[in-house]
Amino acid sequence: QVRLVESGGGLVQAGGSLRLSCAASGSIPSINTMGWYRQAPGKERELVANMANGGTTTYADSVKGRFTITRENAENTVLLQMDSLKPEDTAVYYCKLQHWSGTYVRGYWGQGTQVTVSS
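Residues numbered from 1 in each chain as written. Predicted model: local features only at pLDDT ≥ 70, side-chain atom pairs only at ≥ 80, totals over all residues. Heavy atoms only, no water.

A. Broad picture of the overall build of the chain. Along the chain, the regular secondary structure elements total 0 helices and 11 strands. Counting helices and strands in the order they occur from the N terminus, the chain gives β-β-β-β-β-β-β-β-β-β-β. For a compact globule of 119 residues, the expected C-alpha radius of gyration is about 14 Å, and the chain comes in at 14 Å, within 12% of that figure. Each of the three principal axes of the chain carries a C-alpha extent, and together these read 45 × 25 × 25 Å. In the chain, which comprises 119 residues, the proportion classed as buried is 39%. In the chain, the proportion of contacts linking residues at least 24 apart, taken out of those at least 6 apart, comes to 54%. (Helix = DSSP H or I, 4+ residues; strand = E, 2+ residues; numbered from the N terminus. Rg over C-alpha atoms; globule rule 2.2 N^0.38 Å. Buried < 20%, exposed > 50% of the residue type's maximum accessible area, 1.4 Å probe, protein only. Contact = heavy atoms within 4.5 Å.)

Given below as structure tokens:
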């Protein structure tokens, strides 16, 4: 069983910064992807950024140049540095880890952390 715990959300003024952290625990295969998704009220959950164990990253177009994803602590922690925040970044941010289990992919979600950007 893999468990994910997020922290770092809060209220920030437009143009400010926040750093989200997600700590993973449990039996984690070395080949995996960790990342962040977000869901705003009335909208579907969307990918923000993720990083595979080898370092390959993916970013949503809306956050490129503003957000940076990193992994540390033997890749059991994933960080999301969010700069130049905009009101449209307001959402619940969820950490996700996925890995192969046999011949299929398993995914695990954190409980989410609220990010609110005021104008």
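From this point, things continue past the structure.
B. Layout of the nonpolar core. With 28 residues, the main nonpolar core has Leu4, Trp36, Leu80, Met82 and Tyr93 as its most contacted residues. Elements with a minimum of two residues in this core: strand E1 (2-7), strand E3 (18-26), strand E4 (32-39), strand E5 (46-52), strand E7 (67-72), strand E8 (77-82), strand E9 (91-101) and strand E11 (113-118). (Core = buried A, V, L, I, M, F, W, Y, C linked by side-chain atoms within 4.5 Å.)

C. Geometry of the state of the cysteines. Evaluated as defined, the whole model comprises 1 disulfide. Between Cys22 and Cys95 runs a disulfide, and the two sulfur atoms are separated by 2.1 Å. Between Cys22 and Cys95, the S-S torsion sits near -85°, and that sign places the bridge as left-handed. Note that Cys22 is positioned in strand E3 and Cys95 in strand E9, a separation of 73 residues in sequence. Summarising the burial analysis for this pair, Cys22 and Cys95 share the class buried. (Disulfide = S-S within 2.5 Å.)

D. Structural context of the pairing of E11. Of the two faces of E11, only one is covered, namely that formed by Thr113, Val115 and Val117; the face formed by Gln114, Thr116 and Ser118 stays uncovered. Inspection of the sheet shows strand E2 (residues 10-13) paired to E11 by 4 bridges, in the parallel sense. Across the sheet, residue Leu11 finds its bridge partner in E11, namely Thr116. Bridging between E9 and E11 involves 3 bridges; their strand directions are antiparallel. Bridging across to E11, Val92 finds its partner in Gln114. (Pairing = 2+ DSSP bridges.)

E. View of a nonpolar patch on the surface. There is a patch of nonpolar side chains on the surface, built from Ile31, Trp100 and Val105 and spanning about 340 Å² of accessible area. Tracing the backbone shows Trp100 in strand E9. Here Trp100 falls in the exposed class, since its relative accessible area comes to 54%. (Patch = residues over 30% accessible without salt bridge, like charges linked within 9 Å, V, L, I, M, F, W, Y side chains within 5 Å. Areas by Shrake-Rupley, 256 points an atom, 1.4 Å probe, with all protein chains shown as cover. Salt bridge = Lys/Arg side-chain N within 4 Å of Asp/Glu carboxyl O.)

F. Region of the structure containing the pairing of E1. Here E1 shows a buried face lined by Val2, Leu4 and Glu6 and an unburied face lined by Arg3, Val5 and Ser7. In the sheet, E1 pairs with E3 via 6 bridges, with the strands oriented antiparallel. Looking across to E3, one finds that Val5 is bridged to Ala23.

G. A look at the side chain of Glu6. Looking at where Glu6 falls in the secondary structure, it is placed in strand E1. Of the side chains with opposite charge, Arg45 lies nearest to the buried Glu6, which makes no salt bridge, at 7.8 Å. Within polar-contact distance, the side chain of Glu6 engages the backbone nitrogen of Gln111 at 2.9 Å. Within the structure, Glu6 has its side chain in polar contact with the backbone nitrogen of Gly112 (distance 2.8 Å). For Glu6, the residues in contact, after removing those within four places along its chain, are Ser21, Cys22, Trp36, Tyr93, Tyr94, Cys95, Gly110, Gln111, Gly112 and Thr113. (Lys, Arg positive; Asp, Glu negative; His and termini not counted. Polar contact = N/O pair within 3.5 Å; in protein donor to acceptor, adjacent residues only side chain to side chain.)

Bear in mind that shape data such as this cannot, by itself, settle questions of function.
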